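# Examination of the molecular architecture
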Amino acid sequence: MKKNDKKNQPSKLHDILIICLLVFIIIISIVFTYLEITSTNLFWKIQGYRSLIGMPFFLIIMGALIYMEIKRIKKN
């Protein structure tokens, strides 16, 4: 039992850290897109709108990764 517990604890912590990292990446990308759109510089404003166009695809992919990670955690 002790060997099995030692194997499961790091993997659970590792899984939680992966989910936290994915959520952190989503938050940072949304914040930077907002900062680009509200910028006074025209170049950054255009870049912000270009990022906004790709944001739904990015959020779908990241959401799928988080969903698969949670599903894998519940299976184990």
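Residues numbered from 1 in each chain as written. Predicted model: local features only at pLDDT ≥ 70, side-chain atom pairs only at ≥ 80, totals over all residues. Heavy atoms only, no water.

Attention shifts here to the environment of Ser29. For Ser29, the position within the fold is in helix α1 (residues 2-37). For the pair Ser29 and Phe58, spaced 29 residues apart in sequence, the C-alpha to C-alpha distance is 9.4 Å. Sequence-distant contacts of Ser29, that is, excluding residues within four places in its chain, are made with Met55 and Phe58. A polar side-chain atom of Ser29 sits 2.8 Å from the main-chain carbonyl oxygen of Ile26. (Helix = DSSP H or I, 4+ residues; strand = E, 2+ residues; numbered from the N terminus. Contact = heavy atoms within 4.5 Å. Polar contact = N/O pair within 3.5 Å; in protein donor to acceptor, adjacent residues only side chain to side chain.)

Another point: a nonpolar patch on the surface. A cluster of nonpolar side chains, namely Leu21, Val23, Phe24, Ile25, Ile27, Ile28, Val31, Phe32, Tyr34 and Leu35, defines an oily patch on the protein surface of about 930 Å² accessible area. Note that Ile25 resides in helix α1. (Patch = residues over 30% accessible without salt bridge, like charges linked within 9 Å, V, L, I, M, F, W, Y side chains within 5 Å. Areas by Shrake-Rupley, 256 points an atom, 1.4 Å probe, with all protein chains shown as cover. Salt bridge = Lys/Arg side-chain N within 4 Å of Asp/Glu carboxyl O.)

On to helix α2 (residues 42-75). End to end, α2 covers 49 Å across 34 residues, agreeing with the expected 50 Å (1.5 Å per residue, within 8%). At Gly54, α2 shows its largest kink, close to 45 degrees, and the proline Pro56 lies no more than four residues downstream. Of the residues making up α2, those classed as buried are Gly48, Met55, Met62, Ile66, Glu69 and Ile73. The distance from a side-chain oxygen at the start of α2 to the backbone nitrogen of Phe43 is 3.2 Å, and the residue carrying that oxygen is Asn41. (Expected span 1.5 Å × (residues − 1). Bend = angle between axes of the 7 residues up to and from the residue. Buried < 20%, exposed > 50% of the residue type's maximum accessible area, 1.4 Å probe, protein only.)

Taken as a whole, this structure holds two salt bridges when the rule is applied. Here Arg72 makes a salt bridge to Asp15, at a shortest N to O gap of 2.6 Å. With Arg72 in helix α2 and Asp15 in helix α1, this residue pair connects regions lying 57 residues apart in the sequence. By relative accessible area, Asp15 is classed as buried at 5%. Glu69 is the salt-bridge partner of Arg72, the closest N and O atoms lying 2.7 Å from each other. With Arg72 and Glu69 both in helix α2 and three residues apart, this pair spans about one turn of that helix. Salt bridges linked by common partners bring Asp15, Glu69 and Arg72 together as one network.

Mapped onto the elements, Ser39 comes out in the loop between α1 and α2. One polar contact links the side chain of Ser39 to the main-chain amide nitrogen of Asn41, over a distance of 3.1 Å.

Coordinates in, geometry out; function isn't part of it.
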